[in-house]
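# Commentary on secondary and tertiary structure
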Amino acid sequence: MIAMGCAIGTGLFLGSGLAVGTAGPSVLISYMIGALIVLLLMGCLAEMTVAHPTSGSFGTIAEKYIHPYAGFIVRYSYWIANVLAVGVEVSAIAVYMKYWFPNVPGIVWILLFGGVLIYVNATSVNTFATFEYWFSMIKVSAIVLFILLGAYVLFGASDQPGIGSENLVNDGGFLPFGWWGMWVAIFISLFSFLGTELIAVTAGEAKDPDVAVPKALKATVFRLSTFYVLTMAIMLMIVPWKSAGVDKSPFVKVMEILNIPGASGIVNFIVLTAALSAMNSQLYASTRMIYSLSRGKYAPAFFGKVSKKGVPTNALTVSTLGIVVAAVVSALVPGTSYAVMMGISMFGAIFTWLMVFVSHLFFRRKWKQMGGRKLPVRMICFPYLTILGGVLLLSLMITTWFTQFKIMLQFGIPWLIFLSVAYFIWKKTNAMHHTTNDALQLSGSDVNIDK
């Protein structure tokens, strides 16, 4: 439930409106291609995590099979993706609150809810899993009810005008922005799927991974096809695609069109809790990520310290960077803060996914060279599908330079340069540290011999 909750956040509840505005009804194809990329990713991850059931980290695999430098930049890129994703969620919360308080500036809600969740993460570690489980249950239940209600409206007794499959071809046809619009919307769809990669990783650490991994993959196929594609199709047949956007959730607009008393307010509350849930889990994950980096000597020891309650407060403090960025962006560009935050946060995630495909190519080659045992779970059609997944992701990253998401590369390229410099400084410092330790140990040995 927690994994499903992580994957079902503002990408579906709010980002879908941005995707529809970019591609029109052809966004359904965008989400299908996005789902295909994720399934290819899951296949590669499943094979590698079953082969290494104790190492559920993208960074560990990249370090072992490519180079320590690759492991370093993957770890930090995945951390920054989670940190900035917190900013995306809190930006969405600011949008949702406008439903009830249209005249209150978004930055007020960003600071308020950001402060509340920082407090929760700093004090109530034990309640995290329970909190996430129930909010995930609310999200999943809401989507199931939405699908049932939408199906009843479309195929039941409702004869309300302007609702039906004709909405998929009205206002410019199925491809109002051509194939280019459909292609760009794939990038937005991928934000909806962030978090699904954790299923394959955790399945690799299961008691019986040979059985658990195929089960996890089947469950993912069901979720991707049902919760995204089917939900989007129903939404598009009820809400004309030109009415979609990021001023409010398309799910709220559906309820407004259906004129169900109080329903739009209830749905807005549900999508608000969805954003809070995703934000809370990402803040928790990014805090633990920088904490573990510190404990593994990949980050300053300062971030590895814990409070009396066992909370890594220093790691938590630096992981709130996304909330600060969201507040600044909201103040500078209040109308487009959600899209800007999404563009910035996506680099780390897409880069990590790309490195998973690259790692798989190196993994399979080295596994064969080392004469490893027969792999219990194998990616089909290797290397062609692995290469296909990598090429699609790389192409989408390049595409963003020619869209409103250009900021992804404007942030990502300097970020990789910064990490590269940091890696070589870290490596040099570690080498000096080991040399000093070796000298001290040798000196100590000499003293003992003399005595």
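Summary of the structure given here. (Residues numbered from 1 in each chain as written. Predicted model: local features only at pLDDT ≥ 70, side-chain atom pairs only at ≥ 80, totals over all residues. Heavy atoms only, no water.)

### Topic: the pattern of salt bridges
Definition in use: Take a side-chain nitrogen of Lys or Arg and a carboxyl oxygen of Asp or Glu: if they are within 4 Å of each other, that pair is a salt bridge. Here a strand is any run of E in DSSP of at least two residues, a helix any run of H or I of at least four, and the numbering for each starts at the N terminus.
Applying the stated criterion to the full structure yields two salt bridges. For R364, the salt bridge identified is with E47, shortest N-O distance 2.6 Å. Taken as a pair, R364 in helix α16 (residues 337-369) and E47 in helix α4 (residues 27-51) lie far apart in primary sequence, 317 residues in all. Among the salt bridges present, the one from E63 reaches R75, with a minimum N-O distance of 2.9 Å. Linking E63 in helix α5 (residues 58-65) with R75 in helix α6 (residues 68-97), this pair joins segments that are 12 residues apart in sequence.

### Notes on helix α3 (residues 15-23)
This is how the line gets drawn: Using a 1.4 Å probe on the protein chains alone, a residue whose accessible area is under 20% of its type maximum counts as buried, one over 50% counts as exposed, and one in between counts as partly exposed.
Counting buried residues along α3, eight of its nine residues qualify, which places the element largely inside the surrounding structure. Those residues of α3 that fall on the buried side of the exposure criterion are G15, S16, G17, L18, A19, V20, T22 and A23. After α3 finishes, the residue G24 shows a positive phi value of roughly 70 degrees.

### Some thoughts on a nonpolar patch on the surface
To keep it simple, the criterion reads: The patches described consist of residues with a relative accessible area above 30% and no salt bridge, like charges being joined within 9 Å and nonpolar side chains (Val, Leu, Ile, Met, Phe, Trp, Tyr) within 5 Å. In short, Shrake-Rupley with a 1.4 Å probe defines the accessible areas, and a residue's cover is counted only from the protein chains shown.
Nonpolar side chains collect at one region of the surface, where W180, L394, I398, W401 and F402 lie side by side and expose about 560 Å² of accessible area between them. For L394, the position within the fold is in helix α17 (residues 384-399). Look at L394 and you get partly exposed, because its relative accessible area is 42%.

### Things to note about the environment of I290
Let me state the cut-off plainly: It only takes one pair of heavy atoms within 4.5 Å for two residues to be counted as in contact.
Locating I290 in the fold gives a position in helix α13 (residues 263-295). A residue is classified by how much of its surface remains accessible, and I290, at 3% relative accessible area, is buried. Each C-alpha atom of the pair I290 and V318 lies 8.6 Å from the other, and the pair is 28 residues apart in sequence. Those residues within four positions of I290 in sequence are excluded, and the remaining contacts are Y76, W79, A299, F303, A315, V318 and S319.

### Focus: the side chain of E47
To keep things clear, this is the line we draw: We define a polar contact as two N or O atoms separated by no more than 3.5 Å, with the added condition that, inside protein, one atom must be a possible hydrogen donor and the other a possible acceptor, whereas residues neighbouring each other in sequence contribute only through side-chain atom pairs.
Given a relative accessible area of 0%, E47 falls into the buried group. At 3.1 Å, the side chain of E47 and the side chain of H360 are in polar contact. With sequence-adjacent residues up to four places away left out, E47 is seen in contact with H360, F363, R364, L375, V377, R378 and M379.

### Some words on the nonpolar core
Defined as follows: Each nonpolar core is a collection of buried residues, namely Ala, Val, Leu, Ile, Met, Phe, Trp, Tyr and Cys, held together in the definition by side-chain atoms within 4.5 Å.
V27, Y76, L190, M346 and W353 are the most contacted members of the largest nonpolar core, which has 132 residues in total. With 19 residues, the single largest contributor to this core is α6. With residues near it in sequence (within four places) discarded, L190 still touches G34, I37, M346, I350, W353, L393 and L396.

### Comments concerning the environment of A151
Turning to its location among the elements, A151 is positioned in helix α8 (residues 128-155). Take A151: its relative accessible area is 28%, and that puts it in the partly exposed class. Between the C-alpha atoms of A151 and I234, which are 83 residues apart in sequence, the distance is 7.2 Å. With sequence-adjacent residues up to four places away left out, A151 is seen in contact with G156 and I234.

### As for the side chain of T273
Checked against the element boundaries, T273 lands in helix α13. By relative accessible area, which is 3% here, T273 ends up buried. Discounting chain neighbours no more than four positions away, the residues touching T273 are F135 and I138.

### Some remarks on helix α15 (residues 321-332)
The cut-off we apply is this: Working rule for helices: expected span equals 1.5 Å times residues minus one. Each C-beta atom gives one direction from the helix axis, and the arc is the one those directions make.
Compared with an ideal rise of 1.5 Å per residue, which puts 12 residues at 16 Å, α15 spans 17 Å between its outermost C-alpha atoms and is within 8% of the ideal. Burial in α15 covers these residues: G322, I323, A326, A327, V329 and S330. Projected down its long axis, α15 shows its buried positions confined to an angular sector of 170 degrees, all on one face. In α15, those exposed residues whose orientation departs by more than 90 degrees from the buried face are A331 and L332. Of the surrounding secondary structure, the elements contacted by the buried residues of α15 are α6, α7 (106-123), α13, α14 (313-319) and α16.

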